Amino acid sequence: MTSLHTGDSAASTPLMHRWILPADATDAADLVLDEAPVPVPGPGEVRVRVRAISMNYRDHLILKGPFGRLPGKDLIPLSDVAGEIDAVGPQVTGWNVGDRVTDLHVLDWSDGPPPAAMGLGLGALHEDGVLAEYVVLPARRVMRAPANLDHTEAATLPVAALTAWNALYGDHPITADSTVLVIGSGGVALATLQFARAAGAQVYASVRNNAAGEALVRLGAAGYVDGRTGQDWGDAVFALSGGVDKVVDSVGVSILPQALAALAPGGEIATLGLFDAAGGPLDGYALLGKQARLRGVAVGSEAMHRDLVRYVETQDIHPVIDRRIDFRDAPAAYTAQTSGGLFGKIVIEVG
């Protein structure tokens, strides 16, 4: 949990700015830019000088509530931070002032299956988030940032990129012979495309406009279908690709029937989308006949994150940024996140 420590004397304590989401607020215009003492790390904690914060669709859900909100509790929002450690608390080993880091979205998920109570990450429920100039985090909740990325790029890793990595490699990992389907052109879809192409896999896309499809092709996609053309776009993907080995579903369970139609026999649907939680009927004959696998994906472990960092560095992958927004204009980032037509990530830059 992000914690604030006021120190011995308010008069001698330096101040910082942070954004507060009031308990009863459900509109980004209601965010309050607040001034508070710079937090001091306690035992086992580090302080991060925040340089960039990326947006995720879950942040919009938390804004609107009740998802991720506790009644009567003000909240510092957002979860994905990049910056450098500028103070180290007692009993911290392995981290030094100047180290460039991001956060780990799930606390104490080191490897293997997720913890039974993994929570919703920073900036939700009882955990204040990172929309501030400085944050204090447990030392075990930070991860080395890739050396080849700037802070803005690194801020996109903790949720979107790690979720894409889990979808591709968390179970039945892809190979150079695999074919993958992505949905749309948001942060998870683009990270999936970049990681899969770097591995040699072919990637196809379902999009809602041809401009996004052509941009994905320029980024390495083998082809795309227009998902607006009817209810049978999954069949169109199957015809185009010959059937995909993995569908990375960043929309939600409502598209599972089409995802199943696009799938090759023995393939996997990795579903992670929060856009639409209302499911439609599945074709049981297709599910059984294709021996298909359906897996829910929610971010990833520390071990996955470490593998992701190495891969990004080794392959020199640079996340796609749709736009960069100044910290003082943070409410505009919420509007941008839900405006439609995103191609990549929305990132708030600090300082």
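In what follows, the structure referred to is the one given above.
Residues numbered from 1 in each chain as written. Predicted model: local features only at pLDDT ≥ 70, side-chain atom pairs only at ≥ 80, totals over all residues. Heavy atoms only, no water.

(A) Structural detail: a negative patch on the surface. On the surface, a cluster of negative charge is contributed by Asp24, Asp27, Asp30 and Asp74. Within the secondary structure, aspartate 27 sits in the loop between strand S1 (15-20) and strand S2 (32-37). Judged by relative accessible area, which is 37%, aspartate 27 ranks as partly exposed. (Patch = residues over 30% accessible without salt bridge, like charges linked within 9 Å, V, L, I, M, F, W, Y side chains within 5 Å. Areas by Shrake-Rupley, 256 points an atom, 1.4 Å probe, with all protein chains shown as cover. Salt bridge = Lys/Arg side-chain N within 4 Å of Asp/Glu carboxyl O. Lys, Arg positive; Asp, Glu negative; His and termini not counted. Charge placed at Lys NZ, Arg CZ, Asp CG, Glu CD. Helix = DSSP H or I, 4+ residues; strand = E, 2+ residues; numbered from the N terminus. Buried < 20%, exposed > 50% of the residue type's maximum accessible area, 1.4 Å probe, protein only.)

(B) Representation of the packing of aromatic side chains. Under the counting rule described, the total for this entry stands at 5 aromatic pairs. Judged by centre distance (5.8 Å) and plane angle (80°), the rings of tryptophan 165 and phenylalanine 195 are edge-to-face. Within this pair, whereas tryptophan 165 is found in helix H3 (residues 157-169), its partner phenylalanine 195 is found in helix H4 (residues 187-198), the two being separated by 30 residues in sequence. Phenylalanine 195 shares its class with tryptophan 165; the two are buried. Three or more aromatic residues joined by ring pairs make a cluster, and in this case those are Trp165, Tyr169, Phe195 and Tyr311. The ring of tyrosine 134 carries the charged tip of arginine 49 above its face, separated from the ring centre by 5.1 Å. (Phe/Tyr/Trp six-rings, centres within 6.5 Å; stacked < 30°, edge-to-face > 60°. Lys NZ or Arg CZ within 6 Å of the ring centre and 35° of its normal.)

(C) Examining the pairing of strand S6 (residues 134-138) more closely. Counting buried positions along S6 yields 5 of 5 residues, so the element is predominantly enclosed. Two elements, strand S3 (residues 45-54) and S6, share 5 bridges in a ladder whose sense is antiparallel. Looking across to S6, one finds that arginine 49 is bridged to tyrosine 134. (Pairing = 2+ DSSP bridges.)

(D) Expanded view of the sheet that holds strand S10 (residues 223-226). The strand order across the open sheet built from 6 strands is S10-S9-S8-S11-S12-S13, with neighbouring strands paired in parallel fashion. Two strands close off the open sheet at either side, each with one partner strand: S10 and strand S13 (293-296). Across this sheet, the average inter-strand angle for adjacent strands is 20°, counted without regard to direction. Contacts from helix H5 (residues 210-219) reach strand S9 (202-207) and S10, with the element oriented near 170° to S10. Each of strand S8 (179-183), S9, S10, strand S11 (244-249) and strand S12 (263-271) touches helix H6 (residues 233-241); the most contacted strand, S10, lies at about 160° to it. (Axes fitted to C-alpha atoms, helices over the stretch in contact; angles between N-to-C directions. Contact = heavy atoms within 4.5 Å.)

(E) Structural detail: H5. Along H5, the residues that are buried comprise Ala212, Gly213, Ala215 and Leu216. Down the axis of H5, the buried side of the element spans an arc of 165°, and every buried residue falls inside it. Those residues of H5 that are exposed and aimed more than 90 degrees away from the buried face are Ala211 and Arg218. Contacts made by the buried residues of H5 are with H4, S9 and S10. The N-capping residue of H5, defined by a side-chain oxygen 3.2 Å from the backbone nitrogen of alanine 211, is asparagine 209. (Arc of directions from axis to C-beta. Polar contact = N/O pair within 3.5 Å; in protein donor to acceptor, adjacent residues only side chain to side chain.)

(F) Examining the pattern of salt bridges more closely. The full count for this structure, using the stated rule, is 16 salt bridges. A salt bridge links aspartate 59 to arginine 58, with the nearest nitrogen and oxygen atoms 2.9 Å apart. The exposure classification of aspartate 59 matches that of arginine 58, with both residues buried. A salt bridge links arginine 144 to glutamate 313; the shortest N-O distance between them is 2.7 Å. Of this pair, arginine 144 sits in strand S7 (residues 142-144) while glutamate 313 sits in helix H9 (residues 302-315), and the two are 169 residues apart along the sequence. Where salt bridges share partners, they join Asp150, Arg324 and Glu349 into one cluster.

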